[in-house]
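Descriptive structure summary
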Amino acid sequence: MMKKQIALFSILVMSITIFSLPTETKAAAQTLAEFEAEVKKYTKELQEKKDKIAKNDAEVAEIKKRIANIEAQIKQAETDIANLEQEIKKNEEEIVAKKEESKKIMEYYQIANGDNAYLEYAFGSTSITDMIYRMSVVEQLTEYNDQVMKELKVLVEKNQQQKETLAKKKSELSSLKKSLQSEKERIDADTSKIKAGMPSLEEQIKSAKAQVDYLKSEGCYSYETINACMTRKQPQPDIGSGNISVGDAGISAPSTNGFYRPMQYGYITQSYGGYGGHLGIDLSSSNKAIPIYPIATGVVTAKYYDNYGALVLKIRHNVGGTIIYSTYAHMRSWYVNEGQVVTPTTMLGLMGSTGYSTGPHLHLEVTTCDWKSKGGGCTWKQYQRSTINPSRYVQFPSRWSNR
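Overview of the structure.

Each value, and the rule that gives it
Residues numbered from 1 in each chain as written. Predicted model: local features only at pLDDT ≥ 70, side-chain atom pairs only at ≥ 80, totals over all residues. Heavy atoms only, no water. Helix = DSSP H or I, 4+ residues; strand = E, 2+ residues; numbered from the N terminus. Buried < 20%, exposed > 50% of the residue type's maximum accessible area, 1.4 Å probe, protein only. Contact = heavy atoms within 4.5 Å. Core = buried A, V, L, I, M, F, W, Y, C linked by side-chain atoms within 4.5 Å. Pairing = 2+ DSSP bridges. Phe/Tyr/Trp six-rings, centres within 6.5 Å; stacked < 30°, edge-to-face > 60°. Lys NZ or Arg CZ within 6 Å of the ring centre and 35° of its normal. Arc of directions from axis to C-beta. Salt bridge = Lys/Arg side-chain N within 4 Å of Asp/Glu carboxyl O. Expected span 1.5 Å × (residues − 1). 1 Å grid on protein atoms, 1.4 Å probe; cavity = no way out; pocket = protein on both sides within 12 Å on 5 of 7 lines; lining within 4 Å. Points joined across faces, edges and corners; volume = space filled by probe spheres on them.

1. With respect to the overall build of the chain
- Counting secondary structure elements, the chain contains 7 helices and 12 strands.
- Sorting the 403 residues of the chain into buried and exposed places 40% on the buried side.
- A sequence separation of at least 24 residues applies to 69% of the contacts in the chain between residues at least 6 apart.

Pasting the structure below:
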């Protein structure tokens, strides 16, 4: 019975050990020849995206011109409507005045035709001749007044119709502007989707080609996997062989398999989301400029500012003969150089909020290949798929007070 228990225990230990070992992704296991073919294919895809963005930008520029033209037309229509309203108001006031004048004239005309004895007194005429003259004038004024009123009414109706036409035109222009604005937003969203969360297309193309050139310059064989070549050409200390003494830079026992937390104390602000989501884990601390350390022994392979101005550092690690990379982003400063061997006690720099960041924190990624490091052996597209939850290597409680 005891032998069976020991056997089962041994199998369990072997299973856990196998499960805990880092596995190579398809990108890391690629030969140089396969990677070169992938780069050519990827470069073509990037160029197509670049052309698509250029086309989108041209369409957006044209739409902006059309929107500006429509806005000018809407503004002119509003001005014309306001002028017409003033004209209509003026004409309506004149019609009211003409009606009042016509009323007085008609009263005079009716009295004149009624042979009223007080006619010359009522209208102030001084003689019959004057009265006849005035009656003649009244008749002419009446005819003229009728004609003027007809013309005014026609003008009011015409202006009113034009006002309605302009209002309809303004409404149509507003609808067209709204439609164009929606189309612009759709194109902008399409462009943003292409660009979202990634380096510039030019940078990706440049980096992918540089990867191939570097691997060839290092003497990697076309049939050799990139991981094997980098292990052969650039031997570096195995994580398990480091001599780190307890107490150095706040070092305690490693959180797991020779890996340490990158800061002495802190907490998680955003968890790992995987491909298509959050590619790493975000960590912060009450000390907003807390020192940042490597999660394990390794070699600094890249340091740069990304598209958004974030200060980024990358380290290559050897885990039992398998290469992995750790990335540290949004740092305030860095104290190491490319090619430098670092251990968990080496201060990399200080936590910060550089680049696209809402506050001081460290964005930590772990991958099986890298698109930016020399010999990293993958494109940006492959890099995203190669991410691993950092918690697989480093234990991250919700809060901690030691490394």
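2. Focus: unusual backbone geometry
- In this structure, His330 takes a positive phi of about 75 degrees despite not being glycine.
- One can find His330 in the loop between strand 6 (322–329) and strand 7 (333–334).
- Here His330 falls in the buried class, since its relative accessible area comes to 10%.

3. Considerations on the nonpolar core
- Core analysis: the biggest nonpolar cluster contains 29 residues, and Phe259, Met263, Ile292, Ile295, Tyr328, Met331 and Leu348 have the highest contact counts within it.
- Looking at which element gives the most residues to this core, the answer is strand 5 (residues 311–319), with 4 residues.
- If sequence neighbours within four positions are ignored, Ile295 has contacts with Gly258, Phe259, Tyr260, Pro262, His317, Ser326, Tyr328, Leu364, Val366 and Val394.
- Counting 16 residues, the second-largest nonpolar core is a separate cluster that includes Leu46, Val312, Cys369 and Trp371.

4. Thoughts on the pairing of strand 6
- Of all 8 residues that make up strand 6, 8 are buried, and the element is covered over most of its length.
- Burial of strand 6 is two-sided: the residues Thr322, Ile324, Ser326 and Tyr328 facing one way and the residues Ile323, Tyr325, Thr327 and Ala329 facing the other way are all buried.
- Pairing of strand 5 with strand 6, which is carried by 8 bridges, proceeds in the antiparallel orientation. Its bridge partner lying in strand 6, Val312 is registered against Ala329.
- Turn length for the strand 5-strand 6 hairpin, with the two strands adjacent in sequence and antiparallel, is 2 residues, and the turn residue Gly320 shows positive phi of about 60 degrees.
- Pairing geometry for strand 6 and strand 10 (residues 362–367), over 5 bridges, is antiparallel. Counterpart to Tyr325 in the pairing with strand 10 is Thr367.

5. Looking at the sheet that holds strand 3 (residues 291–292)
- Ordered by their spatial adjacency, 3 strands build an open sheet running 3-9-7, and the pairing between neighbours is antiparallel. Looking at strand neighbours, the two that pair on one side only are strand 3 and strand 7, the edges of this open sheet.

6. Quick look at the packing of aromatic side chains
- If you walk through the whole model with that rule in mind, you get 7 aromatic pairs.
- Ring geometry for Trp380 against Tyr383: centres 5.5 Å apart, planes inclined by 20 degrees, an arrangement best described as stacked. Placement of both Trp380 and Tyr383 in helix 7 (residues 380–385) is noted, with a separation of 3 residues, approximately one turn of the helix.
- Classification of Tyr383 by relative accessible area gives buried; the value is 1%.
- What links up through ring pairs into an aromatic cluster is the set Tyr304, Trp371, Trp380 and Tyr383.
- Across from the ring centre of Tyr304, 4.7 Å away, lies the NZ or CZ of Lys372, which sits over that ring.

7. Thoughts on helix 6 (residues 226–233)
- Every buried residue of helix 6 is listed here: Ile226, Asn227, Cys229 and Met230. Buried residues in helix 6, looked at end-on, bunch into an arc of 165 degrees, giving them a common side.

8. Considering the pattern of salt bridges
- Summed over the entire model, instances satisfying the criterion amount to 7 salt bridges.
- Notably, a salt bridge pairs Lys216 with Glu36, separated by 2.8 Å at the nearest N-O pair. Residue Lys216 is found in helix 5 (residues 201–217), and its partner Glu36 is found in helix 2 (residues 32–113); the two are separated by 180 residues along the sequence.
- Judged by its relative accessible area of 44%, Lys216 falls in the partly exposed class.
- One salt bridge connects Glu203 with Lys372, and the closest N-O pair in it is separated by 2.7 Å. Of the two residues, Glu203 is situated in helix 5 and Lys372 in the loop between strand 10 and helix 7; the sequence distance between them amounts to 169 residues.

9. A short note on helix 5
- An ideal rise of 1.5 Å per residue puts 24 Å on 17 residues; helix 5 measures up with 24 Å between its terminal C-alpha atoms.
- Among the residues of helix 5, Leu201, Glu203, Gln204, Ile205, Ser207, Ala208, Gln211, Val212, Tyr214 and Leu215 are the ones counted as buried.
- Just downstream of helix 5, Gly219 is the residue with a positive phi angle, here 85 degrees.

10. Digging into the environment of Lys206
- In this structure, Lys206 sits in helix 5.
- As for Lys206 and Lys372, which are separated by 166 residues in sequence, their C-alpha atoms are 9.9 Å apart.

11. Remarks on empty space enclosed by the protein
- Inspection of the entire model under this criterion finds 2 cavities of 30 Å³ or more.
- A volume near 30 Å³ is recorded for the second largest cavity.
- Lining the second largest cavity, in full, are Tyr42, Gln204, Ser207, Ala208, Trp371, Cys378, Thr379 and Trp380.
- Here the element with the most residues in the lining of the second largest cavity is helix 5; it accounts for 3 residues.

12. Remarks on the environment of Gly273
- Within the secondary structure layout, Gly273 lies in the loop between strand 1 (266–270) and strand 2 (281–284).
- Residue classification places Gly273 among the partly exposed positions, given a relative accessible area of 46%.
- In the structure, Gly273 is positioned 116 residues away from Asn389 in sequence and 8.2 Å away in space, judged by C-alpha atoms.
- Those residues in contact with Gly273, other than ones at most four positions away along the chain, are His278 and Gly280.

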